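Structural overview for review
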Amino acid sequence: MQLDRDYRPRRRGGWLGKLWPLLILFVVAVVLYETQPNWLVQRQALPTPTPTLSVVTFLADAQASLSRGDYGAAIAAYTQVSRLQPENPEPLIIMARLHMINQDIPAAHAVASQAVAIAPQNADAVAALARAEDWLGNYEDALNYGLDAYEIDPNNVDALAILAEIYTDVGNTAIAREYIDRALELDPQNVLALRNEAYLLERLGQYETALATLDRALAIEPQRSDLFMEKARIYRVGLADFSNALVAYRNAVEANRTPATLDALGEGLYNAGDHLQAVRVLRQALEMDPDHGPALVHLGMALYSRRNYEDAATNLERGIAIIGDSAREEHLYTAGLAHIYKEPRECNLAEPWLRKALEKNPASGPAQAGIRICSGQAATPTP
């Protein structure tokens, strides 16, 4: 077949026929633009909802924290449980116990009061409030709450143990023994009951037996820093065994590193004469809580022994303002003497502290000496 190389196709319909495909595409585009199906529309991004943590999650966090001795984290977790279950007294009761272990007595009192307000017939809640009142020195209120808890549940071991502690504090050791025996009869493994039996034995001067009882409690709950601190006190005050006291204080810090345990170790080092290391440890306590009153006072005492009188006065004054009536005579006159020995001497700042020391003990020799120095009746001795 011969091809006609000169062939040209004829035009069909003029220029409109040539452009009809473009016209079709244009119409389709217009339709799509006007209808804008969902898949073409740019949707506004919606925030992904944050899942709400459940009570179960916080309870698991609390148990994990307790198992490693992190009572601060456990308290934080139970706080969230209480927030989610405002009518449940149980997390508040546990928080009160943990605050007592951490020696944050005002916090323990606050949450125990909340628990009692929620459940006034809950023996554990009322007993927790009784113990907080006892540690605040409100013995009559403590006894009333303790007896209320006992009346609600005569077999509540914590209530019996706390009544024993209250009676030990007021010096009625015979009644304390009856309550503690009953508590341990019901539950020989109750750590609070064992702790309070050790406390009773300590008050009776039976120090070795008290230490053995605390060891029994620690075998059950080895992370209890407060029990190590109880041992340290018995070694230091009862037996004048500063070496073993320091071991117990270090164990307390290892079990639960808090401002309270670091402060206790720092004070122990100070009493053992290691003022330089005491300053180091007490500063660590204040890094965790700059307003920890006892640590400020003890740091001031250690700095005074290091002859850093300016910083000693500053820390003592801050600490005494926080701990209030708990300040001892030596804290008060040391604050005054620090103002005397620093450069420049400021007797106008020293004398109020010295007179407060004399209010606690009119026969206080250091306070009297400081007053004489400021009045010009005596030369400044070498501190």
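Residues numbered from 1 in each chain as written. Predicted model: local features only at pLDDT ≥ 70, side-chain atom pairs only at ≥ 80, totals over all residues. Heavy atoms only, no water.

The next subject is the overall build of the protein. Assigned secondary structure in the protein consists of 20 helices and 0 strands. Buried residues in the protein amount to 43% of all 383 residues. Residue pairs in contact within the protein that sit at least 24 positions apart in sequence constitute 49% of those at least 6 positions apart. Per element, the accessible surface of the protein, about 21000 Å² overall, is 53% carbon and sulfur. (Helix = DSSP H or I, 4+ residues; strand = E, 2+ residues; numbered from the N terminus. Buried < 20%, exposed > 50% of the residue type's maximum accessible area, 1.4 Å probe, protein only. Contact = heavy atoms within 4.5 Å. Areas by Shrake-Rupley, 256 points an atom, 1.4 Å probe, with all protein chains shown as cover.)

Evaluation of the coordinates by the stated rule reveals 18 salt bridges. Arginine 195 is the salt-bridge partner of glutamate 230, the closest N and O atoms lying 2.6 Å from each other. Residue glutamate 230 is found in helix α12 (residues 225-238), and its partner arginine 195 is found in helix α10 (residues 191-203); the two are separated by 35 residues along the sequence. The class for glutamate 230 is buried, based on a relative accessible area of 7%. Here glutamate 346 makes a salt bridge to lysine 342, at a shortest N to O gap of 2.6 Å. Judged by its relative accessible area of 27%, glutamate 346 is partly exposed. Residues joined in a network through salt bridges with shared partners are Arg131, Glu165, Arg195, Glu202, Glu230 and Arg233. (Salt bridge = Lys/Arg side-chain N within 4 Å of Asp/Glu carboxyl O.)

With an omega of -5°, the peptide bond running from glutamate 343 to proline 344 counts as cis. Secondary-structure assignment places proline 344 in the loop between α18 (329-341) and α19 (347-360). Within the chain, alanine 240 stands out as a residue other than glycine whose phi angle is a positive 55°. Note on placement: alanine 240 falls in the loop between α12 and α13 (242-255). Positive phi is not limited to glycine here, since arginine 307 has a value of about 65°. The topology assignment puts arginine 307 in the loop between α16 (293-305) and α17 (309-323). By relative accessible area, arginine 307 is classed as exposed at 53%.

This part covers the state of the cysteines. Applying the stated criterion across every chain yields a total of 1 disulfide. Here cysteine 347 pairs with cysteine 374 through a disulfide, and the sulfurs are 2.2 Å apart. Taking the torsion about the sulfur-sulfur bond, which here is approximately -85°, the covalent link between cysteine 347 and cysteine 374 counts as left-handed. With a gap of 27 residues between them, cysteine 347 in helix α19 and cysteine 374 in helix α20 (residues 365-374) connect regions that are remote in the sequence. We classify cysteine 347 as buried; its relative accessible area is 18%. (Disulfide = S-S within 2.5 Å.)

What follows concerns the environment of isoleucine 234. By the secondary structure assignment, isoleucine 234 is in helix α12. Considering only alpha carbons, one finds isoleucine 234 and alanine 245, 11 residues apart in sequence, at a separation of 7.8 Å. Each residue touching isoleucine 234, except ones within four places of it in the same chain, is listed here: Glu202, Tyr207, Ala210, Leu211, Leu214 and Leu239.

Time to look at the packing of α18 against α20. It is the contact of α18 with α20, at a shortest axis distance of 9 Å, that shows an interaxial angle of 30°. In terms of orientation, α18 lies roughly parallel with respect to α20. When you trace α18 past α20, the crossing you get is left-handed. Between α18 and α20, the residues in contact are Tyr333, Leu337 and Ile340 and Pro366, Ala367, Gly370, Ile373 and Cys374, respectively. Residues belonging to the contact of α18 with α20 are distributed by class as follows: 7 nonpolar, 1 polar and no charged. (Axes fitted to C-alpha atoms, helices over the stretch in contact; angles between N-to-C directions. Parallel < 35°, antiparallel > 145°, perpendicular 65-115°, else oblique. Left-handed = near helix turned anticlockwise from the far one by under 90°. Nonpolar A, V, L, I, M, F, W, Y, C, P; charged D, E, K, R; others polar.)

Across the protein, the average pLDDT comes to 88, with 84% of residues at 70 or higher. Throughout residues 1-19 the model reports pLDDT below 50, and contacts reaching past four residues in sequence, or to other chains, amount to 2 contacts. Every residue in residues 38-51 scores below 50 in pLDDT, and together they form 2 contacts with partners more than four places removed in sequence or on other chains. (pLDDT = per-residue confidence, 0-100.)

As a further point, take the layout of surface pockets. A volume near 1700 Å³ is recorded for the largest pocket. Lining the largest pocket are 47 residues; nearest its centre among them are Gln103, Ile105, Trp135, Asp263 and Pro294. Tallied by class, residues from the lining of the largest pocket come to 18 nonpolar, 13 polar and 16 charged. Each pocket or cavity is described by its volume, and for the second largest pocket that value is around 540 Å³. Taken together, 24 residues line the second largest pocket, and the ones lying closest to its centre are Arg97, Ile101, Asp158, Glu221 and Arg224. Counting only elements with at least two residues in the lining of the second largest pocket, the list comes to α2 (55-67), α3 (71-84), α4 (90-101), α6 (123-135), α8 (157-169) and α10. Looking at the lining of the second largest pocket element by element, the count peaks at 6 residues for α4. Its residues placed into classes, the lining of the second largest pocket shows 14 nonpolar, 4 polar and 6 charged. (1 Å grid on protein atoms, 1.4 Å probe; cavity = no way out; pocket = protein on both sides within 12 Å on 5 of 7 lines; lining within 4 Å. Points joined across faces, edges and corners; volume = space filled by probe spheres on them.)

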